[in-house]
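What the coordinates show
Residues per chain, in single letters:
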Amino acid sequence: MSTSQTTTDHHPALAHQFDSMEQQQNASTFGMWVFLLTEIMMFGGLFTAYLIYRIKFYPAFVAGSTSISVSWGFANTLVLIGSSFTMAMAVWAAQRGKRQMQVWFLIGTMVLGAAFLGVKAKEYTDKYQECHIPGHVIGKGFNTWGGCSASDNKLGNIADEIREKDPNIPEGAAKQTAHQTEIFFSFYFAMTGLHAFHMVIGMGLMTWLTLRASRGEFGPQYYTPMELGGLYWHFVDIVWIFLFPLLYLISRHHHGV
Amino acid sequence: MSTATTIVKPVMPERHYLNDNYGIRSWLLTKDHKRIAILYLITITFFFFLGGIFAALIRLHLLTPNGELFQSDTYNKLFTMHGVNMIFFFLVPSVPATLGNFLLPIMIGTKDLAFPKINLLSWYIFVVGAGFALAALVTGGVDTGWTFYAPLSTGYLRTHVILLAVGVLIAGFASIFTGLNFIVTVHRMRAPGMTWGRLPLFVWANYATSIIMILGTPVIAITLILVALERGFHIGIFDPNLGGDPVLFQHMFWFYSHPAVYIMILPGMGVISEIVTCFSRKRVFGYSFIAFSSIAIAVFGFVVWAHHMFVAGISVYSALVFSVLSYAVAIPSAVKVFNWTATMYKGSVKLDTPMLYALAFIGLFTIGGMTGLFLAALGLDIHIHDTYFVIAHFHYVMVGGMVTAYLGGLHFWWPKITGRMYPEPPAKLAALVTFIGFNLTFFPQFILGYLGMPRRYWAYPPEFQVLNVLSTAGASILAVGFILPLIYFAWSLKFGEIAGDNPWQAAGLEWETSSPPPTHNFDKPPVVTKEPYHYGDEEADGVH
C-alpha cells in the first residue's frame with residue numbers, strides 16, 4: 001500500500017517471508033517441534049544402546065546403579081522440575097507482557113539450572129575420586145575393586161559392595177561383575193553428559209531471552225522466542241525424567257537378586 | 001501480452017536475485033534461498049570432483065592385478081575418502097540443498113523458506129564439517145571405509161578417525177536443518193490454492209526426503225559421538241575387547257545409513273517426475289501414486305536396515321523379516337517407474353537434454369533397483385555380499401540414478417537459475433558420453449562381483465583383469481561426460497542465449513516468474529487455480 005495507515009498491523013518482529021504474525025508463530029512453533037523430534041531420535045539412539053547393554057550385563061548395571069548417589073539424583077530431579085515451573089511462569093508472563101516478572105522467572109530458571117549443573121559436577125568429581133571414570137585417559141584409570149586410593153582401600157570398591165549384599169557370590173565373580181560396570185559408567189557419562197550439554201545450551205538461550213525480555217520485546221503480540229525457549233527447556237527436563245530412573249533406580253527395590 | 005504470431009526475443013529482467021546486490025558480503029551473508037542454493041552448488045561441485053579424483057585413482061590402481069600403483073594403506077584411504085566425500089558431501093546435499101533449496105519455495109509460491117537464517121546456517125555448518133573432513137584428508141587420510149565399522153574404527157587404526165567422524169557429524173546437522181526448513185515450509189507457507197494435492201511431485205519427493213533427514217540423521221550423530229568417545233577415552237561401547245558389541249554399531253549405523261540412501265535417491269525421483277511430464281507434453285500419470293510412493297519409500301526405508309548385516313551374525317528370523325521388508329521397497333519404486341513410463345505413453349516426447357538424462361535414469365535406476373532385490377535375497381546375498389556386485393548395484397542407483405537426475409535437473413532448471421540457456425549440442429553429447437561411460441564402468445563390475453571379486457581389495461587374481469580394464473576405460477569416458485557440463489555451463493553464464501521466463505513451456509509456478517527470479521520470487525503473490533501438470537490444456541488455452 002502506498003499510504004502508511006496500514007503499517008500499524010506490521011509488527012517489527014514480523015520477518016519478510018511471512019504474511020502475518022500468526023503464520024510466523026505457527027511456523028516457528030512447528031519448526032521447534034520438528035527439531036525436538038530430531039532430539040528424541042538422537043537421545044533415542046543412546047537409550048536403545050543403553051537398554052541392550054542393560055539386558056546383556058544386568059547384574060553389572062544393578063551394581064553400577066547402586067553405587068551412584070540416589071539422593072543427589074533425586075535432589076536434581078526436584079531442582080529440574082522446579083526450573084520447568086519457573087520457565088512455564090516466564091512464558092506466562094511474556095504472554096501478558098509483564099516485563100519484570102519475565103526477567104525474574106528467567107533468572108530463577110537459570111539459578112536452578114546452575115544448581116543442577118553444580119550437583120552434576122559434584123557427582124562427577126566423586127566418580128573421579130572413586131576411579132569410576134571409564135577408560136584410562138581421565139584420572140588413574142577405571143578401577144572397581146579397591147585399588148584406587150592408597151589411604152582408603154574401600155573407596156569405590158564395587159566388588160566388595162556386591163559381596164556385602166550377597167556373601168554367597170564368589171570373589172572372582174563379584175570382581176568380574178564389578179569390572180563390567182565400566183560399560184554402565186560409559187553410558188552414565190555419555191547420557192548425563194549429553195544431557196548436561198543440552199542444559200548448558202539452555203542456559204545460553206535463557207541469557208539471550210533475559211536480555212530480550214528486559215528490553216520489553218515480548219508481549220501478547222509476540223512471545224514466540226520465549227515459547228520456543230520454554231519448549232526446549234521442558235524437553236531437556238523430560239529427558240532427565242527418563243534418565244533418573246534408568247540410571248539411578250535399577251533394581252533398588254529388590255536387593256541381591 | 002502479444003499473441004503467438006510474432007516471436008518476441010526474450011529479454012533479461014531488469015532486476016533479479018543475482019544483480020539485486022553485489023559483492024562478497026551480499027553472498028556470504030545472504031538469506032535468500034536462491035543464493036544459498038548457489039553457495040551449496042559451488043561447494044558440492046568441488047566435492048563431486050574431489051571424490052571423482054579419488055575414484056579415478058582407484059580405477060587406475062585396479063588396471064593391474066598386483067596392486068602396483070599404491071601401497072595397500074594408501075588404497076584403503078582412497079576408497080574411504082571417495083565414499084565419505086561422495087556420500088556425505090555430495091550425494092546427501094546434492095539435489096535437496098541446491099535445486100530443492102532454489103525451487104521448493106518458488107514451486108509452492110512463497111517468498112522464502114520458513115527460516116532463512118537457519119538455511120544460511122546450514123550452509124556454514126556444512127562448510128565447517130567439510131573443513132574437518134578436508135583436515136582429516138590433508139593430515140594423512142582415514143582408512144576405515146565410509147562405514148566406520150567398529151572395532152576397526154574405534155581401536156585398531158591409527159589414522160584421524162575422530163576428525164573425520166566429527167566432520168560427518170557436523171555436516172549431518174546441515175542436512176537436519178535443510179530437512180526441518182523444508183517440512184515447515186511445505187506445511188505452513190504454501191500459496192493460496194496450493195493444496196497438498198497440487199504440490200509438484202518434486203516437492204513431495206523433497207518432503208519425503210526431509211522426513212528421513214530429520215529422523216535418521218540424529219541417530220548417525222549419536223553413533224559417531226559414541227565412536228569418537230570410545231576412541232578418545234578407550235571406553236568399551238562397541239569394542240568386544242572391552243565388553244562392547246560391534247554388531248550394535250552396525251545396527252545403529254545402518255539405521256541411518258540405509259534410509260540415507262533414500263535421501264540420496266528420492267529427490268532425484270522428484271526431478272525425473274518433473275522432466276518426464278514436461279517433455280512428454282502430457283499430464284503426469286497417477287499423480288497421487290507417485291506422491292505417496294515417495295512417502296512410502298521414506299517409511300519403508302526405516303525398517304530394512306539389517307539387510308546390510310545378513311552375514312554379520314544376526315538371527316535367521318530377523319534376517320527373514322528384513323529380507324521381506326526390503327522386497328517391499330520395490331513396490332513404491334516400481335510404482336514410480338511404471339507411472340513415468342505410462343506418462344510417456346502416447347505423449348509427444350521431445351528428446352531435449354533433460355529428457356535424455358531422465359530416460360537414462362529410468363533405465364539405470366531399474367537395473368540398480370532390480371539388482372538390489374538380488375542382494376535382499378538371503379541365499380544369494382551370502383554369495384555376493386561384499387563383492388563388486390554390491391558396488392555395481394550401489395553405483396547404478398547413486399550415479400546412474402541420482403547423479404543422472406541431478407544433471408538432468410541442472411539442465412532443466414539452468415535457464416531458471418541463470419536466465420540463460422546452455423548450448424544444446426554439447427549437452428546432448430555429454431549426456432550420451434555419460435551414459436556410455438557409466439555403463440562401461442559399472443556393468444563389468446556386476447560380472448566381477450558375481451564371479452567373486454571382493455570389494456575393497458587392493459589386488460585381485462589375474463583372470464579378473466579384462467573386466468577391470470573395461471571398467472577403468474569406462475571411468476575415463478565417464479570423466480569426460482562429467483567435465484563437459486562444467487565447461488559449457490560456465491560458458492553459458494556469459495554467452496548462453498537469453499532463456500526467457502519459460503523456455504520449455506513447462507507448467508509450475510517456477511516458470512511463471514522471471515528467469516532469473518526476483519529476490520522475493522514473485523512480483524505479485526501467486527494464487528494457484530490449476531491442477532499441477534496441466535499439459536493437456538494447452539490447446540484450449542491457445543485458442544485465445
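Of the regular secondary structure elements, chain A holds seven helices and zero strands. Along chain A, helices and strands appear, N-terminal first, in the series α-α-α-α-α-α-α. Rg of the C-alpha trace for chain A: 24 Å, well past the compact-globule value of 18 Å for 257 residues, more than 25% over. In terms of principal-axis extent, the alpha carbons of chain A reach across some 90 × 35 × 35 Å.

Per the secondary structure count, chain B includes 18 helices and zero strands. For 544 residues, the compact-globule formula gives about 24 Å, and the C-alpha radius of gyration of chain B, at 23 Å, lands near that figure. Principal-axis analysis of the C-alpha atoms places the extent of chain B at approximately 75 × 45 × 45 Å. Of the contacts made within chain B by residues no fewer than 6 positions apart, 86% connect residues no fewer than 24 positions apart.

Counting from both sides, the interface comprises 27 residues of chain A and, opposite them, 31 residues of chain B. Looking at the side of chain A that touches chain B, the elements that each hand over two or more residues are α1 (21-56) and α6 (171-214) of chain A. Considering each element in turn, the side of chain A that touches chain B owes the most residues, 15 residues, to α1(A). The class makeup of the residues in the side of chain A that touches chain B is 15 nonpolar, 11 polar and one charged.

This next bit is on the packing of helix α13 (residues 353-376) of chain B against helix α15 (residues 388-418) of chain B. Residue and element names in this part refer to chain B. Where α13 meets α15, the closest approach of the two axes is 8 Å, and the angle between their N-to-C directions is 160°. Here α13 lies roughly antiparallel to α15, going by the angle between them. For α13 against α15, the interelement crossing comes out left-handed. Taken together, the residues of the contact of α13 with α15 sort by class into 15 nonpolar, 11 polar and no charged.

Attention now moves to the packing of helix α4 (residues 94-107) of chain B against helix α10 (residues 266-280) of chain B. All names here are of chain B. Contact pair α4 / α10: the axes reach a minimum separation of 8 Å and the direction vectors enclose 40°. It follows that α4 is oblique to α10 by the angle criterion. Judged by the twist between their axes, the crossing of α4 over α10 is left-handed. When α4 is examined against α10, the residues Val95, Pro96, Leu99 and Gly100 are found in contact with a partner set consisting of Pro267, Gly268 and Val271. Tallied by class, the residues present in the contact of α4 with α10 amount to five nonpolar, two polar and no charged.

The subject of this paragraph is the nonpolar core. One recurring pattern in soluble globular proteins: nonpolar side chains tend to sit buried together. Membership of the largest hydrophobic core comes to 231 residues, with the highest contact counts inside it found for B:Ala165, B:Val203, B:Met264, B:Leu266, B:Ile272 and B:Ile275. Residues in contact with B:Leu266, not counting those within four places in the same chain, are B:Ala205, B:Ala208, B:Thr209, B:Ser294, B:Ile297 and B:Ala298.

In this section: helix α3 (residues 70-95) of chain A. All names here are of chain A. Helix length check: α3 (26 residues) gives 38 Å between terminal C-alpha atoms against 38 Å at 1.5 Å per residue, within 8%. Where α3 is concerned, the buried positions are Gly73, Asn76, Leu80, Ser83, Met87, Ala90, Val91, Ala93 and Ala94. Considering only its buried residues, α3 is in contact with α4 (99-129), α6 and α7 (224-248). After α3 finishes, the residue Gly97 shows a positive phi value of roughly 70°.

All names here are of chain B. The end-to-end C-alpha separation of α10 is 21 Å, in line with the 21 Å expected for 15 residues at 1.5 Å each. By the criterion of burial, α10 is predominantly enclosed, with 15 of the 15 residues buried. Following α10 by one or two positions, Arg281 adopts a phi angle in the positive range, close to 50°.

The next point concerns the environment of B:Phe46. Here B:Phe46 is to be found in helix α2 (residues 33-61). C-alpha separation for the pair B:Phe46 and B:Met189, spaced 143 residues apart in sequence, amounts to 32 Å.

With that out of the way, let us pick up the confidence of the model for chain B. With 97% of its residues at a pLDDT of at least 70, chain B reaches an overall mean of 94. Confidence estimates for the predicted assembly give a pTM of 0.94 and an ipTM of 0.92.

By the secondary structure assignment, B:Arg283 is in the loop between α10 and α11 (287-301). Residues in contact with B:Arg283, not counting those within four places in the same chain, are B:Tyr533, B:His534, B:Tyr535 and B:Gly536.

Now for the environment of B:Leu29. Its location among the elements puts B:Leu29 in the loop between α1 (24-28) and α2. In sequence terms B:Leu29 and B:Thr223 are 194 residues apart; their C-alpha atoms lie 33 Å from each other.

All names here are of chain B. In this model, Ala150 is joined to Pro151 through a cis peptide bond whose omega is 0°. Mapping Pro151 onto the fold places it in the loop between α5 (116-138) and α6 (152-156). The linkage connecting Ser515 with the following residue, Pro516, adopts the cis geometry, with an omega of -10°. Along the chain, Pro516 turns up in the loop between α17 (465-495) and α18 (538-542). Located in the positive-phi region is His234, a residue other than glycine, with phi close to 55°. The exposure class of His234 is partly exposed, given the 18 C-beta atoms found within 10 Å. Look at Tyr533: it is not a glycine, yet its phi comes out positive at around 55°.

Conventions and cut-offs
Residues numbered from 1 in each chain as written. Chains lettered and ligands numbered in written order. Predicted model: local features only at pLDDT ≥ 70, side-chain atom pairs only at ≥ 80, totals over all residues. Helix = DSSP H or I, 4+ residues; strand = E, 2+ residues; numbered from the N terminus. Rg over C-alpha atoms; globule rule 2.2 N^0.38 Å. Contact = placed C-beta atoms within 7 Å. Nonpolar A, V, L, I, M, F, W, Y, C, P; charged D, E, K, R; others polar. Axes fitted to C-alpha atoms, helices over the stretch in contact; angles between N-to-C directions. Parallel < 35°, antiparallel > 145°, perpendicular 65-115°, else oblique. Left-handed = near helix turned anticlockwise from the far one by under 90°. Core = buried A, V, L, I, M, F, W, Y, C linked by C-beta atoms within 7 Å. Buried ≥ 20, exposed ≤ 12 C-beta atoms within 10 Å, placed from the backbone. Expected span 1.5 Å × (residues − 1). pLDDT = per-residue confidence, 0-100.

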